[in-house]
Amino acid sequence: MIRKIETSTGSRGITRRGFGKGALAIGTAATVGFPSIIRAEDRELVVISYGGELQEPHRWLGDQMEARHPGLKVRLVASESQDIVAQIKAARGHSPYDAMPNGEPPHLIAMNDGYIQKRDDSKLSNLGNVYPEFLEKTSGFGVPATFSLIGIAYNEEMVSTPPTAWKDLWNEEYAGIRGICRTSSNLGLGTLAITSKIFGGSESDLEPAWAKLKELDPIAGRSPRILAQMMERGEIAIAPLWNNDAAVAENKGMPIRFVKPDPGPVAIVSVMSEITGTRHPDLVYEWMDGIISQEYQAFAADAPYYFGVTVKGVDVPEAAKPYTPSTPEEVLALQTVDWPNIVKVRPQLVERFDREFSV
Amino acid sequence: MNATARRAARPSARRGLAEHPLVLAMLSSRGVGPAIPALAYLVVFMVIPFSLLFSFAFLTVDRGEVVPWSFSLEHFGSALGDYLFWRIAWRSFWVGALSTFVCLLLAYPVAYLYTTLGSVARKLLLVAVIAPLLTSALVRVYAWIVILGGRRGLMNTVLLELGLVERPVRILNTDWSVLIGMTQIHLPFMILPLIAVLVARDVEIENASLNLGAGRVETFFRVTLPLSVPGIVAGTALVFALSYTNFIIPQLLGGGNYTTLAVQVYEFVVVILDWTKGAVRASLLLGSCFVFVLLIVWAGRVATRWTEARLS
């Protein structure tokens, strides 16, 4: 009877036996209900990745690494790189992430601010496969994972005359159904840069681009993903877009088509880098080496992802040809951007977008 | 002496946390004593973060580090001298005020209806009012994207099917979609305080008004409405504060051409990585929100005094 009172009125006092029972109960609950607590003892590689289907190549690589290292968990976090950089900055050297892919603009920012580590070439057995032109873009930080194109995507049910050149975006036929992405994204910055170049400006003189983009009277998307969704829903019918997002939409059965507009689409390299303060530098190098392996590159280049290949010896799949350059002429036509010039004024460009399009 | 008896003999073992001298002293003391845990929580998780945020607005923060001896009022000066800030602040205020007004218009009849119902119907109505709060606001915002979005959205499909419009109308990514989202998501916060006040009102005063020859409409405007001023004030303050500082709704329903102060704070802190400018905007947003809420409460007090004077 007394024992019964003790157990049922546990709040009256904490005894050693009671404490032992409680600890046992918590331990059991943790084992059964919260396996992540137990797994915390194992190694976990946390890698920033893309959202949706575009994450699948990373998952494929992660599964391969998990198979090679029993107990290893490769966790992919789908997020915009800008959000991650802000978190890393707030963590002040205690980043919860180990590796991240960045387009060229955020790559330069992360490099300058010390959020990513310089590459040790001796730890990468596949580095010799990489095209030197892409390796140059990394400035000695990370490995060139893939490249993507900014071209023009359109909804073929709403657009009767498909565009063939960048200047076609300004055709009267597309009034009221044009979209662009905010300059907070690489897509928005790339659109701004190519507009400036085709209308007589440059990366250091973007005024012509602001004036011409204003003429578009566009509906803006907060991110490339949201812009693609706006096109899928029919809120816009034509917009500068990533080739990968257009490919995924088309693969889902949407009437979205992608063109590589004249004088050429903008190519942006994505660099996979080791984040400063990673707990698993060796695993990060293994991950980066996997990224520049021919197997991974072939997987990422195939349907429905169509990521651009950065290593030698991987053929562009037939299905990818509408989305990636497949001939020497197309490769030569690719437009590149002087990103260091753009990155220097990126904060002002983000603010300027609001001044031009949000008031 | 058995083990249980031995334990019973030990006074320390018999005393639980509730009998701890510190806890007893706290509970038996008057004034702030019982509130100490809550106050400590507020200090750690509200006062200190707000103080840090406010201090960042006067300092230069570079790559996550405060630059020593960088105190300056210039950051506030440049924000207040920027027309973009005022345009965006006006938009935040306008959408906050308008959605609060629409919420009041929609909430009052619901709250009034509640007071006229029987107990079962009251419970059902209360569940209907509270049920949306059980879902994340983010989920509800995404639901509005599905309803309002584009040519394939539910709303355009219905309008086109009924022949009410010839071509799809654009509502998503406009002021309208933000207003619709704010109103739907914040409506329960207006209804609940109104119910609390209307249920507690003295119905005899309304009966007296009717007996003295006033009509139902006149009784409503001259007796019921003034009596519900405390509920209107509470609901207005709550909904305005939530709408004025809301981030998710303008971010997702407003589109890329729509920026409010809360969205701009996010842009500065996360996208541009300029914590100083972000802290300036956040401080101005919170400070102005505090002032507006005080003004609402003050206006409510004036209205209540005026009502009491008229009724007495």
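Residues numbered from 1 in each chain as written. Chains lettered and ligands numbered in written order. Predicted model: local features only at pLDDT ≥ 70, side-chain atom pairs only at ≥ 80, totals over all residues. Heavy atoms only, no water.

A. Local environment of the pairing of strand S3 (residues 99–103) of chain A. Most of S3(A) is tucked away, with five of its five residues classed as buried. Here S3(A) shows a buried face lined by A:Ala99, A:Pro101 and A:Gly103 and a second buried face lined by A:Met100 and A:Asn102. (Buried < 20%, exposed > 50% of the residue type's maximum accessible area, 1.4 Å probe, protein only. Helix = DSSP H or I, 4+ residues; strand = E, 2+ residues; numbered from the N terminus.)

B. Broad picture of the nonpolar core. Ranked by internal contacts, the top residues of the largest apolar core, which has 110 residues, are A:Leu45, A:Met272, A:Trp287 and A:Ile291. No other element matches the eight residues that strand S4 (residues 143–155) of chain A contributes to this core. Contact partners of A:Leu45, with chain neighbours within four places excluded, come to A:Met65, A:Leu72, A:Lys73, A:Val74, A:Arg75, A:Asp98, A:His280, A:Leu283, A:Val284 and A:Trp287. Counting residues in hydrophobic clusters, the runner-up holds 22 residues, among them B:Ile88, B:Ala89, B:Ala237 and B:Ala241. (Core = buried A, V, L, I, M, F, W, Y, C linked by side-chain atoms within 4.5 Å. Contact = heavy atoms within 4.5 Å.)

C. Here's a closer look at the pattern of salt bridges. By the definition in use, this model includes 26 salt bridges over all chains. Between B:Glu267 and A:Arg182 there is a salt bridge, and its shortest N-O distance comes to 3.3 Å. Here B:Glu267 is found in helix H15 (residues 261–271), whereas its partner A:Arg182 is found in the loop between strand S5 (179–181) and helix H8 (186–198) on a different chain. The pair B:Glu267 / A:Arg182 is uniform in exposure class, with both members buried. Salt-bridge contacts for A:Glu215 lead to A:Lys212; the nearest nitrogen and oxygen are separated by 3.0 Å. Residue A:Glu215 and its partner A:Lys212 are located together in helix H9 (residues 207–216), separated by three residues, close to a single helical turn. (Salt bridge = Lys/Arg side-chain N within 4 Å of Asp/Glu carboxyl O.)

D. View of the interface of chain B and chain A. Contact with chain B, which involves 40 residues of that partner, is made by 42 residues of chain A. Regarding the contact of chain B and chain A, the summed buried area is about 3,600 Å², with carbon and sulfur atoms giving 48% of it. Linking chain B with chain A are four salt bridges, by the criterion used here. Notably, a salt bridge pairs B:Lys277 with A:Glu351, separated by 3.2 Å at the nearest N-O pair. Along the contact surface separating chain B from chain A lie 18 residue pairs in polar contact (both at pLDDT 80 or more). Put simply, the parts of the chain that give the side of chain B that touches chain A at least two residues each are helix H1 (3–9), helix H2 (11–14), helix H6 (83–116), H15 and helix H16 (275–311) of chain B. If you tally residues by element for the side of chain B that touches chain A, the top one is H15(B), at seven residues. Of the residues that constitute the side of chain B that touches chain A, the class distribution is 16 nonpolar, 11 polar and 13 charged. (Buried area = accessible area lost by both parts, 1.4 Å probe. Polar contact = N/O pair within 3.5 Å; in protein donor to acceptor, adjacent residues only side chain to side chain. Nonpolar A, V, L, I, M, F, W, Y, C, P; charged D, E, K, R; others polar.)

E. Spotlight on the environment of A:Thr336. Residue and element names in this part refer to chain A. Mapped onto the elements, Thr336 comes out in the loop between helix H14 (328–333) and helix H15 (339–344). Each C-alpha atom, one on Thr336 and one on Leu76, is 29 Å from the other, the two residues being 260 residues apart in sequence. Dropping the residues within four chain positions of it, Thr336 is found in contact with Lys137, Lys197 and Glu203.

F. Broad picture of the packing of aromatic side chains. All names here are of chain A. A complete count under the given rule lists 28 aromatic pairs over all chains for this structure. A centroid spacing of 5.9 Å and a plane angle of 25° characterise the contact between Phe258 and Tyr323, whose relative ring orientation is stacked. Taken together, the residues span a long stretch of sequence, with Phe258 in strand S8 (residues 256–259) and Tyr323 in the loop between helix H13 (294–301) and H14 at a distance of 65 residues. Sitting over the face of the ring of Tyr285, Lys123 holds its NZ or CZ atom 4.9 Å from the ring centroid. Above the face of the Phe357 ring, Lys214 is positioned so that its terminal group lies 5.7 Å from the ring centre. (Phe/Tyr/Trp six-rings, centres within 6.5 Å; stacked < 30°, edge-to-face > 60°. Lys NZ or Arg CZ within 6 Å of the ring centre and 35° of its normal.)

G. Summary view of the packing of helix H10 (residues 175–200) of chain B against helix H13 (residues 229–244) of chain B. Residues and elements named next belong to chain B. Closest axis-to-axis distance for the H10/H13 pair is 8 Å, and the angle between their directions is 155°. Overall, the two elements H10 and H13 adopt an arrangement that is roughly antiparallel. In this structure, the crossing between H10 and H13 has a hand that is right-handed. Residues Met182, His186, Phe189, Met190, Pro193, Leu194 and Val197 of H10 pack against Pro230, Gly231, Ile232, Ala234, Gly235, Thr236, Leu238, Val239, Leu242 and Ser243 of H13. (Axes fitted to C-alpha atoms, helices over the stretch in contact; angles between N-to-C directions. Parallel < 35°, antiparallel > 145°, perpendicular 65-115°, else oblique. Left-handed = near helix turned anticlockwise from the far one by under 90°.)

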